[in-house]
Amino acid sequence: MARKQQEYDDIPGTFVFDAERSRQGYGINMFCMSLMKEANRKAFKANEAGYLKQFKLTPAQTEAVLKRDYNRMLELGGNIYFTAKLGATDGHSFRHLAAVMTGSSQDDYAAMMLAGGRSAEGNRSKSGRFKPSVLVAGAKATAGRSKSKTRSKSRSKRG
Amino acid sequence: MARIIAGVASSHVPAIGAAIDNKQTEEPYWKRVFAGFERSKEWMAEAKPDVAIIVYNDHASAFSVEVVPTFALGCAAEFPPADEGWGPRPVPVVQGHPELASHIAQSVILDEFDLTICNKMEVDHGLTVPMNLLFGSPKQWPCPVIPLAVNVVLYPPPTANRCFMLGKAIRKAVQSYPEDLRVVIFGTGGMSHQISGPRAGLINSKFDKAFLDNLSKDPKKLTRISHLEFMREAGAEGIEMVMWLIMRGALDDKVEETYRFYTVPASNTAVGHIILEPKTRSAGKSKRPAAKVKRAAARMKSDIRRSK
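Residues numbered from 1 in each chain as written. Chains lettered and ligands numbered in written order. Predicted model: local features only at pLDDT ≥ 70, side-chain atom pairs only at ≥ 80, totals over all residues. Heavy atoms only, no water.

### A word on the overall build of chain A
Consideration 1: The secondary structure content of chain A amounts to 11 helices and 0 strands.
Consideration 2: Seen in sequence order, chain A has helices and strands lined up from the N terminus as α-α-α-α-α-α-α-α-α-α-α.
Consideration 3: Taking all 159 residues of chain A together, 44% fall into the buried category.
Consideration 4: Long-range contacts, defined as pairs at least 24 residues apart, comprise 47% of the intrachain contacts of chain A with a sequence gap of at least 6.
Consideration 5: Accessible area for chain A stands at about 8800 Å²; split by element, carbon and sulfur atoms hold 53% of it. (Helix = DSSP H or I, 4+ residues; strand = E, 2+ residues; numbered from the N terminus. Buried < 20%, exposed > 50% of the residue type's maximum accessible area, 1.4 Å probe, protein only. Contact = heavy atoms within 4.5 Å. Areas by Shrake-Rupley, 256 points an atom, 1.4 Å probe, with all protein chains shown as cover.)

### With respect to the interface of chain B and chain A
Consideration 1: In this complex, chain B contributes 55 residues to the contact, which on the side of chain A involves 59 residues.
Consideration 2: With both sides pooled, the region where chain B packs onto chain A buries about 4900 Å², and carbon together with sulfur makes up 64% of that total.
Consideration 3: Between chain B and chain A we count 2 salt bridges in total.
Consideration 4: Note that Glu233 of chain B is salt-bridged to Arg124 of chain A, the shortest N-O span being 2.8 Å.
Consideration 5: Counting across the chain B and chain A interface gives 20 residue pairs in polar contact (both at pLDDT 80 or more).
Consideration 6: Taken together, the elements giving at least two residues each to the side of chain B that touches chain A come down to helix H2 (28–35), helix H7 (205–217), helix H8 (219–222), helix H9 (227–234), strand E9 (255–266) and helix H11 (300–307) of chain B.
Consideration 7: When grouped by side-chain class, the residues that make up the side of chain B that touches chain A number 25 nonpolar, 14 polar and 16 charged. (Buried area = accessible area lost by both parts, 1.4 Å probe. Salt bridge = Lys/Arg side-chain N within 4 Å of Asp/Glu carboxyl O. Polar contact = N/O pair within 3.5 Å; in protein donor to acceptor, adjacent residues only side chain to side chain. Nonpolar A, V, L, I, M, F, W, Y, C, P; charged D, E, K, R; others polar.)

### Concerning the packing of aromatic side chains
Consideration 1: Scanning the model with the defined rule gives 16 aromatic pairs over all chains in all.
Consideration 2: The interplanar angle of 70° and the centroid separation of 5.8 Å between the aromatic rings of Phe31 of chain A and Phe55 of chain A together place this pair among those described as edge-to-face. Here Phe55 of chain A lies in the loop between helix H4 (48–52) and helix H5 (59–66) and Phe31 of chain A lies in helix H2 (residues 26–34), a separation of 24 residues in the sequence. As far as burial versus exposure is concerned, Phe31 of chain A and Phe55 of chain A are alike and both buried.
Consideration 3: Measuring from centroid to centroid gives 6.0 Å for Phe135 of chain B and Phe186 of chain B, while their planes differ by 45°, and the two rings are tilted. With Phe135 of chain B in helix H5 (residues 125–135) and Phe186 of chain B in strand E8 (residues 182–188), this residue pair connects regions lying 51 residues apart in the sequence.
Consideration 4: Note on Phe135 of chain B: relative accessible area 13%, which makes it buried.
Consideration 5: Just above the ring of Tyr29 of chain B sits the side chain of Arg32 of chain B; from NZ or CZ to the centre is 4.9 Å. (Phe/Tyr/Trp six-rings, centres within 6.5 Å; stacked < 30°, edge-to-face > 60°. Lys NZ or Arg CZ within 6 Å of the ring centre and 35° of its normal.)

### Comments concerning unusual backbone geometry
All names here are of chain B.
Consideration 1: Note that the residue after Tyr155, namely Pro156, is joined by a cis bond; omega there is 0°.
Consideration 2: Mapped onto the elements, Pro156 comes out in the loop between strand E7 (145–150) and helix H6 (160–175).
Consideration 3: Residue Val264 is joined to Pro265 through a cis peptide bond whose omega torsion reads -10°.
Consideration 4: Examined against the element boundaries, Pro265 turns out to sit in strand E9.
Consideration 5: Residue Glu112 is not a glycine yet carries a positive backbone phi of 80°.
Consideration 6: Summarising the element assignment, Glu112 is placed in the loop between helix H4 (98–110) and strand E6 (116–118).

### Focus on H6 of chain B
Consideration 1: Here H6 of chain B spans 23 Å end to end across 16 residues, near enough to the 22 Å set by a 1.5 Å rise per residue.
Consideration 2: Here H6 of chain B has its buried residues at Ala160, Cys163, Phe164, Leu166, Gly167, Ala169, Ile170, Ala173 and Val174 of chain B. (Expected span 1.5 Å × (residues − 1).)

Written as structure tokens, this is what we have:
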């Protein structure tokens, strides 16, 4: 049962939490929600595989949770705001999980963020075929296009 | 008549809340972030709104995958801080304004925005972090708050244009409320960030800056940004910026940009903040806001250098 391809599947390294993933990952996400309670966090930590049996997880989902394979959890329908509760149960922050998902060491990831983060250049599209942003492209075009010139003129009249 | 006296936008990074709660605000990394809000707190203390409408998103705290409302308006008398897995944040309980909230609900529903009404709701860092940034950490919050939770977790969130139009409907609702209330509206979340998957850590300062510029001058342009474009350019979680457009829609077409701050990073996120005010003020009613503050425009690089 292959996933129906969506236009946003063209974004590299990204699992968009859409209706299909939400349906598929309901069990993972409800398991993660249960970790909002201290008693459940303890019960899970005491017997992880046993605890997971209360939720409707596929074997692949169970394996991803037990192995803390965060990317796989997202691929199988987990959502980051939910899986982060599993991270919190292990004592990890969002930034820690982000480093894990990118395959970086904690130090390397922190250094990348301090240096301005991961650039959008080269990270927009797998296929390389995409419409440029109306926002950034539009900002560039402001000076040249007669339409925006006219607009700014009329604005100065009013103001 | 109630009226909207200003719009404020701010990121709502959970780590900012943790830095406040763990008293790390003086550490160089965090000082760089908090310094950008010092003038804003002064501005807010002088603006003294009677009510704040805060547009934010819940992060699997009040709403799990069981119920996912697109727009949920908090009409309760109070909203306790949620336990997000680390215990509830040590912030005061948020007091609501049930009368104005239900008035807004009625008005915008009749304007064809089918809101969900929440008469019991816990609120997470999405709401309380921007409150700390603008109000500081008082024993009691200085004004009642009407939370408006927007789904940006399950794809698709409402479109940028729909958010902008909802802002307009909220403006109309506020203006038809008989009591003379001064209202500030917050848009929260963003700016560019991705916290999920191998592309986590994405930041696009160019996009963010263009977004801030247009938020002041040409918000209509922002209403044409598609979800795909938000996710491609500003990260999967950067799509939160649609919430800023609800705030912007609730303001006059023309606004004055009173203040801006931008820095990278706070944890995984580009922190953006802006204060917008109406260009014309009804004479005598409101005094001029705090001394006009110069833009602390995108000074990301120098900020980073200083923080090292």
